[in-house]
Amino acid sequence: MELIFRLKEFRPFGWYLTLVQFLCYLIFGLLEMYVRKNFTRKIPLKTYALLAFLTVATMGLSNTSVGYLNYPTQVIFKCCKLIPVMVGSILIQGRRYNCLDVSAMLSMVIGLILFTLADSSVSPNFNTYGVILISLALCADGAIGNVQEKAMKQHEASNTEIVFYSYGIGFFYILVGLVISGNFFPAFEFCRQHPVQTYGYGLLFSISGYIGVAFVLSLVKASGALIAVTVTTCRKAVTIVLSFLFFSKPFTIQYVWSGLLVVIGIYLNVYSKNRTSMDQVMLDTFTRMQTCFRSKRTSYRNTLTEV
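Residues numbered from 1 in each chain as written. Predicted model: local features only at pLDDT ≥ 70, side-chain atom pairs only at ≥ 80, totals over all residues. Heavy atoms only, no water.

A. View of the overall build of the protein chain. Tallying secondary structure elements over the protein chain gives twelve helices and zero strands in all. Restricting the contact set of the protein chain to residue pairs at least 6 apart, pairs at least 24 apart contribute 85%. When the accessible surface of the protein chain is split by element, carbon and sulfur atoms take 68% of a total near 16,200 Å². (Helix = DSSP H or I, 4+ residues; strand = E, 2+ residues; numbered from the N terminus. Contact = heavy atoms within 4.5 Å. Areas by Shrake-Rupley, 256 points an atom, 1.4 Å probe, with all protein chains shown as cover.)

B. Region of interest: empty space enclosed by the protein. Under the defined criterion, the tally for this structure stands at one cavity of 30 Å³ or more. The volume enclosed by the largest cavity comes to roughly 50 Å³. Among the elements of the structure, α1 (14–36) and α9 (195–223) are those that each provide at least two residues to the lining of the largest cavity. For the lining of the largest cavity, the residue count by class is six nonpolar, two polar and no charged. (1 Å grid on protein atoms, 1.4 Å probe; cavity = no way out; pocket = protein on both sides within 12 Å on 5 of 7 lines; lining within 4 Å. Points joined across faces, edges and corners; volume = space filled by probe spheres on them. Nonpolar A, V, L, I, M, F, W, Y, C, P; charged D, E, K, R; others polar.)

C. Region of the structure containing the packing of aromatic side chains. Counting across every chain of the model gives eleven aromatic pairs. For the pair Tyr-16 and Tyr-199, a centre-to-centre distance of 6.4 Å together with 65 degrees between the ring planes defines the contact as edge-to-face. Linking Tyr-16 in helix α1 with Tyr-199 in helix α9, this pair joins segments that are 183 residues apart in sequence. Exposure remark for Tyr-16: the relative accessible area of 5% places this residue in the buried category. According to the relative accessible area criterion, Tyr-199 is partly exposed, its value standing at 28%. Taking the ring centre of Tyr-34 as reference, the NZ or CZ of Lys-37 above it sits at 4.2 Å. (Phe/Tyr/Trp six-rings, centres within 6.5 Å; stacked < 30°, edge-to-face > 60°. Buried < 20%, exposed > 50% of the residue type's maximum accessible area, 1.4 Å probe, protein only. Lys NZ or Arg CZ within 6 Å of the ring centre and 35° of its normal.)

D. Main features of helix α7 (residues 159–181). Given a rise of 1.5 Å per residue, 23 residues ought to cover 33 Å, and the 32 Å separating the end C-alpha atoms of α7 matches this to within 8%. Just downstream of α7, Gly-182 is the residue with a positive phi angle, here 80 degrees. (Expected span 1.5 Å × (residues − 1).)

E. Seen up close, the pattern of salt bridges. What the rule picks out here adds up to two salt bridges. We note a salt bridge from Glu-32 to Arg-36, for which the minimum N-O separation is 3.1 Å. Of this pair, Glu-32 and Arg-36 both sit in helix α1, separated by four residues, roughly a single helical turn. When its relative accessible area of 23% is taken as the criterion, Glu-32 is described as partly exposed. For Arg-36, a relative accessible area of 56% corresponds to the exposed category. (Salt bridge = Lys/Arg side-chain N within 4 Å of Asp/Glu carboxyl O.)

Pasting the structure below:
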């Protein structure tokens, strides 16, 4: 995505990129349904209408924000979608969280604020409008994971069905919006003039994104929305590092320690969900280290005695 937005003239056309992405997902979903020979719809259309709206808001606002923010800043915001997911799960599913979960959320909030302040001081691409866009995308993202989880458990729907209907309906939402706003044809003409940088990279972005969506839906179904967010957040940390390695951009040490606060928040969240097993692993590790130390100390004493 960062490669696509290297074309400065493409900045106003983030929603068109989302339209292309939704079309690809629609085609991939249809092909997967054909291969699996499963065209049965289990979830009501009104639920899909809501899912499609939230998906459009999440991806469209997120894609558009790249034109106004440093890419690592956009990614660090997405890392913190644990926050709206927790709030959404409390409101939508009535869940309750312990002190470790709340501490994880607070650590992420503080890290996110500090990372944003660092970006605003050194990055020429920083724009408050981009912060608003990505924040709204996070709010939609916080709702979508919980709505997906609730719908999948209630109706036992497949990942393929959810992808096909959510992105299919979402595609028409975006298409109608672009046509009414008058942005469809200018975006189409610009992409026609730069097919490789737009459609080519967009196709690669869509293929990797579709695989990611299928993986996340499987994770949501198996382990819940919160664990799915934690896993995808770790993947985004790698994305930030690669962005700094492959694309020249301003850097400050504040990026490092504010990012570490986000990582601490992720760790606290993982620890909260796997407390017993992780305590056992740490205890086993400490016991092995203690045994190794005692063995070496005994060996050293025996050596001194012989001398």
